[in-house]
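Residue strings, one per chain:
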Amino acid sequence: MVAAPKKQLLPSTKDLPCSDDTPVENEEQNLLPNLLLILLTHLWEDRMDWFFGVDMAVYHTTGISPKVPVVPDGFLSVGVERRRDGETRRSYAVWEEKEIVPQLALEMVSHKPGGEYDKKKEIYAKLGVLYYVIYNPKYWQRERHQPFEIYKLEDNVYQLQIGEPYWMPEINLGIGRWNGLFGGLPQEMLTWYDECGNRHISKDEQATLRAETEAKQRKRLEDYIRSQGLDPNNLPEQP
């Protein structure tokens, strides 16, 4: 009788590095994934079944060793606890997350190529990441690719998708680019969209839009009062 194979003993994330200690090469590599996280925290604040990691090690058993992680610039897992066992994560180990693989991985290309179009794509495909986004706003011509590309895993092979923003029905989110202001400076950003292609806006933007709407309504009212020969700042008291 052949003995059953021993179950592989896997390390705990408490004993594994939280990243690969590779420094980001520009501020956008840290800023843009964090903006996605902040917006998602607003959109899904009532949901406790998701996690978005930024520059965090993802440990898995489909590579050369479970102790060798892949470190996306950003990744999204749906179906896991927001805080595992009530604590913040240092890293993400698939075997500690009910075997749930991130459904979305994001890589941002910097001035030094990092294997985003080949090595990392192969890693994510083998891991089973459903959507792989490559953002390359500055060096896309060097790589002979487009500035924004999203791939979907079909029959274990990534297929380049068409359309932006791109809707991902499996996670009920769309993703794409948007030009706006951040800290008073123009900035192209990655952001979330709804199924109709409308950009999800943050709480700060919602507050600004409400204030602008109220100001317009107040001005229309004041203009109307003036048209009646009255001073809106000095209205007669009600009897």
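Computed from a prediction, not measured in an experiment: that's the story for all the values here.

Another point: the overall build of the chain. If you tally the helices and strands in the chain, you get four helices and 11 strands. Among the 239 residues that make up the chain, the fraction classed as buried is 41%. Long-range contacts, defined as pairs at least 24 residues apart, comprise 58% of the intrachain contacts of the chain with a sequence gap of at least 6. Carbon and sulfur atoms make up 51% of the accessible area of the chain, which totals about 14,800 Å². For the chain, the distance from the average position of its 29 positive side-chain charges to the average position of its 38 negative side-chain charges is 3 Å.

Buried residues dominate strand β5 (residues 104-108), accounting for five of its five residues. Side-chain alternation along β5 places Leu104, Leu106 and Met108 on one buried face and Ala105 and Glu107 on a second face that is also buried. When β5 meets strand β6 (residues 131-135), the two strands line up parallel, connected through five bridges. What sits directly across from Leu104, in β6, is Tyr131. Handedness of the β5-helix α2 (residues 119-127)-β6 crossover: right-handed.

The subject of this paragraph is helix α1 (residues 28-43). Its 16 residues place the ends of α1 22 Å apart at the C-alpha level, agreeing with the 22 Å of an ideal helix rising 1.5 Å per residue. Looking at α1, one finds that the buried residues are Glu28, Gln29, Leu31, Leu32, Pro33, Leu35, Leu36, Leu39, Leu40 and His42.

Strand order in the open sheet formed by three strands is β9-β10-β11, and the pairing between neighbours is antiparallel. The open sheet terminates on both sides in strands that have one partner only, identified here as β9 (166-168) and β11 (185-193). Mean inter-strand twist for the sheet, computed between neighbouring axes without regard to direction, equals 30 degrees. Relative to strand β10 (residues 173-182), β9 is paired through three bridges, and the arrangement is antiparallel. By the bridge assignment, Tyr166 is partnered in β10 with Ile175.

Here we come to the nonpolar core. Formed by 29 residues in total, the largest nonpolar core has its most connected members in Leu76, Met168 and Trp192. At six residues, the largest contribution of residues to this core is made by α1. Not counting chain neighbours up to four residues away, the residues in contact with Met168 comprise Leu104, Tyr131, Ile150, Leu173, Gly174, Ile175 and Trp192. Listed in part, the 22 residues of the second largest apolar core include Val58, Phe75, Val94 and Ala125.

It is worth spelling out the pattern of salt bridges at this point. Counting across every chain of the model gives nine salt bridges. The closest approach of N and O atoms between Arg84 and Glu97, which form a salt bridge, is 3.5 Å. A residue pair is termed long-range when its members are at least 10 positions apart, and Arg84 in the loop between β3 (74-78) and β4 (92-93) and Glu97 in the loop between β4 and β5 qualify at 13 residues. For Glu97, a relative accessible area of 4% gives the class buried. Taking the shortest distance from any N to any O, the salt bridge between Glu164 and Arg177 comes out at 2.8 Å. Placement of Glu164 in the loop between β8 (157-160) and β9 and of Arg177 in strand β10 is noted, with a sequence separation of 13 residues between them. The partly exposed category is assigned to Arg177, whose relative accessible area is 27%. Through salt bridges with shared partners, a single network forms among Arg84, Asp85, Arg89, Glu96 and Glu97.

Right, let's get into the environment of Leu173. Along the chain, Leu173 falls in strand β10. With a relative accessible area of 1%, Leu173 lands in the buried category. Through-space distance from the C-alpha of Leu173 to that of Pro232 is 46 Å; in sequence the pair is 59 residues apart.

Mean pLDDT over the chain: 89, with 92% of residues reaching 70 or higher. Counted against residues more than four places away or in other chains, residues 1-7, with its pLDDT under 50, gives zero contacts.

The subject of this paragraph is the sheet that holds β6. Taken together, the six strands give an open sheet; going across it, the order is β1-β3-β5-β6-β7-β8, and neighbouring strands pair in mixed fashion. If you trace the sheet from one side to the other, it starts and ends with β1 (50-54) and β8, each paired once. Sheet twist, expressed as the average angle between the axes of neighbouring strands with direction ignored, equals 20 degrees. For β3 and β5, the ladder comprises three bridges, and the chain directions are antiparallel.

Each value, and the rule that gives it
Residues numbered from 1 in each chain as written. Predicted model: local features only at pLDDT ≥ 70, side-chain atom pairs only at ≥ 80, totals over all residues. Heavy atoms only, no water. Helix = DSSP H or I, 4+ residues; strand = E, 2+ residues; numbered from the N terminus. Buried < 20%, exposed > 50% of the residue type's maximum accessible area, 1.4 Å probe, protein only. Contact = heavy atoms within 4.5 Å. Areas by Shrake-Rupley, 256 points an atom, 1.4 Å probe, with all protein chains shown as cover. Lys, Arg positive; Asp, Glu negative; His and termini not counted. Charge placed at Lys NZ, Arg CZ, Asp CG, Glu CD. Pairing = 2+ DSSP bridges. Right-handed = clockwise from strand over helix to strand, strands pointing away. Expected span 1.5 Å × (residues − 1). Axes fitted to C-alpha atoms, helices over the stretch in contact; angles between N-to-C directions. Core = buried A, V, L, I, M, F, W, Y, C linked by side-chain atoms within 4.5 Å. Salt bridge = Lys/Arg side-chain N within 4 Å of Asp/Glu carboxyl O. pLDDT = per-residue confidence, 0-100.

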